[in-house]
Amino acid sequence: MARSSRHRRRVRRDRHGRGLRGPLYPATLPAAASRAEKFDQLVLDALEPIEARWRDQLTKLDVAVDDVPEIRGAGGPADDGVLHDGAVPLSRLVPAGVDRAGLPTRARIVLYRRPLEARAKDPGELAELVHDVLVEQVAGYLGVEPDIIEGGE
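Residues numbered from 1 in each chain as written. Predicted model: local features only at pLDDT ≥ 70, side-chain atom pairs only at ≥ 80, totals over all residues. Heavy atoms only, no water.

Named according to an unreviewed UniProt entry, the chain is Metallopeptidase family protein originating from Amycolatopsis thermalba.

(A) Spatial organisation of the side chain of Ser91. Within the secondary structure, Ser91 sits in strand S3 (residues 88–94). Among the polar contacts made by the side chain of Ser91, one reaches the side chain of Gln137 at a distance of 2.7 Å. Beyond its immediate chain neighbours, meaning those up to four positions away, Ser91 contacts Gly81, Val82, Leu83, Val110, Leu111, Tyr112, Val133 and Gln137. (Helix = DSSP H or I, 4+ residues; strand = E, 2+ residues; numbered from the N terminus. Polar contact = N/O pair within 3.5 Å; in protein donor to acceptor, adjacent residues only side chain to side chain. Contact = heavy atoms within 4.5 Å.)

(B) Layout of the sheet that holds strand S6 (residues 107–112). Spatially, S1-S6-S3-S2 is the arrangement adopted by the four strands of the open sheet, whose pairing is mixed. A single partner strand is all that each edge strand has here, and the edge strands are strand S1 (61–66) and strand S2 (82–85). Within the sheet, the average angular offset between the axes of one strand and its neighbour, ignoring direction, is 15 degrees. Across six bridges, the pairing between S1 and S6 is parallel. Paired with Ala64 across the bridge in S6 is Val110. (Pairing = 2+ DSSP bridges. Axes fitted to C-alpha atoms, helices over the stretch in contact; angles between N-to-C directions.)

(C) Geometry of helix H2 (residues 35–54). Taking 1.5 Å of rise per residue, 20 residues should cover 28 Å, and H2 covers 29 Å from first to last C-alpha, within 8% of that figure. The sharpest bend along H2 comes to roughly 35 degrees, located at Glu48, with the proline Pro49 sitting one to four residues further on. Inspection of H2 places Phe39, Leu42, Val43, Ala46, Leu47, Ile50 and Trp54 among the buried residues, and these make up the whole buried set. Against the buried residues of H2 lie S1, S6, helix H3 (113–119), helix H4 (123–142) and helix H5 (146–150). (Expected span 1.5 Å × (residues − 1). Bend = angle between axes of the 7 residues up to and from the residue. Buried < 20%, exposed > 50% of the residue type's maximum accessible area, 1.4 Å probe, protein only.)

(D) Inspection of the pairing of S3 at higher detail. The element S3 is largely enclosed, with a buried count of six among its seven residues. Here S2 runs beside S3; their pairing, made up of four bridges, is antiparallel. Opposite Val82, over in S3, you have Arg92 as the bridge partner. The turn linking S2 back onto S3 is made up of two residues, and Gly86 within it adopts a positive phi angle of 70 degrees.

Here is the structure:
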C-alpha cells in the first residue's frame, strides 16, 4: 500500500513541485500563435489578392494546408497537379470529383507546410514562396499562364 501512495503522489506533482505554469505570452499577441497558425495566416494573406481579382472563377475552389504530403505507393495515381521541388511535393491541385462515400467534392489546392518551410531561409522568403506556389496552382486550376494570375490579363 505504501508503494501505491508514493506513485499517486508523483503523478500529482510536476518535476519541481511548483505546479503548472501559465502561458508564456497572452493569447492576444502574435507570438502566442503556433507555427502552423502562422503558416495558415501566411496562406490567407497570399491568397487574398488572388481571390480578390479572380473571385468569380474561384468560387468552387478550396485551399487547404497539410503538414506533409501523403506518401503513395508505386501503384498509386499519377502526380497530376503536383508542384514538385526535386522529389518533394510542395503542393497539389486536387480536381473536383467524388469521395469514397459517393458525395461530390470541390476542387482544392493543398499546400504542404513542412516542405515549404524547409525551403525558405526567412519569413519573407517563405511568404514569397507560398505566393508563387499559389499563383502556379491557381493558374493550373484556371488553365491560364501564371503571369496572367500575377499581373495583367
